[in-house]
Amino acid sequence: MQGDEINRVANIKVIDTGIGIPEHEWENLFKPFMQIDSSLNRHHEGTGLGLSLVYKLVELHGGSVSIKSEVGKGSTFTVSLPWQESDKVPIISEDDYTTPVKKDIKVRNKGAVVLVAEDNEANIVIVESGLTAYGYKVIITRDGGEAIERAHETLPAIILMDIQMPGMDGFEATKQIRADANKQLAKTPIIALTALAMPGDKERCLAAGANVYLSKPVNIKRLVAEIERLLA
Ligand code: MN
């Protein structure tokens, strides 16, 4: 990246060592359905739409695409996009992608019961299959009320709590689990999961009684690492 405070430009270069493009063809490159070799038995596949789409999208963002190429040596395409600092405060959560997760996670709690409260079927499949593969016993519930009920029945080792759910949401369910008079679930770790990372969400989750807050899409390895850390 380069430039001053006002006009910043991010340059993204794609460099290949392909056949190269003669200079007189450069201006045709960004036209739809245009290929350097348009014969039907050509060796290089593709619809000829990629570059024209890139060009259109970049143009809509106020940027530009440029090319440098040498026949027989290869080409360099540069996408230049203007950018500016946002005044919005970024949401940093525990699953911030910069935090490394160990490649091989030692699962010491195989067979541990993980109660999942999640209303999205796609997420249910991902979390259930992912955690089952690591050896946990997974119980699925689809709203806050069902989660509380099943938590009392099964006394899980840990609870994964989606925040946005129909009926009772994850904030309320977490609060009720923590407020339980029998105190059976008072110390059960709760991992709050939310796709809508709004400012203050993390604090609200933790204030409701969750131990950890993770934003979705959830990375299964990160999740397993957190489960193992909380069960240690
Ligand atoms: Mn949800």
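Now for a quick tour of the structure. Note that the structure is a prediction, hence the values are computed from the model and not measured.

**Details of helix H4 (residues 170-178)**
Item 1. All of the buried residues in H4 are Gly170, Phe171, Ala173, Thr174, Ile177 and Arg178.
Item 2. Contacts from the buried residues of H4 go to helix H3 (144-154), strand E7 (158-162), strand E8 (190-194) and helix H5 (201-208).
Item 3. Where H4 begins, the side chain of Asp169 points an oxygen toward the backbone nitrogen of Phe171, at a separation of 3.1 Å.

**Here we look at the pairing of strand E4 (residues 74-83)**
Item 1. Both strand E2 (residues 8-15) and E4 contribute to a ladder of eight bridges, which runs antiparallel. For Ile12, the partnering residue across the bridge sits in E4 and is Val79.
Item 2. In the sheet, strand E3 (residues 64-70) pairs with E4 via seven bridges, with the strands oriented antiparallel. By the bridge assignment, Ser69 is partnered in E4 with Ser75.
Item 3. Taking the residues that link successive antiparallel strands as the turn, the E3-E4 hairpin has three residues, and the phi of Gly72 there is positive, at about 85°.

Conventions adopted
Residues numbered from 1 in each chain as written. Predicted model: local features only at pLDDT ≥ 70, side-chain atom pairs only at ≥ 80, totals over all residues. Heavy atoms only, no water. Buried < 20%, exposed > 50% of the residue type's maximum accessible area, 1.4 Å probe, protein only. Helix = DSSP H or I, 4+ residues; strand = E, 2+ residues; numbered from the N terminus. Contact = heavy atoms within 4.5 Å. Polar contact = N/O pair within 3.5 Å; in protein donor to acceptor, adjacent residues only side chain to side chain. Pairing = 2+ DSSP bridges.

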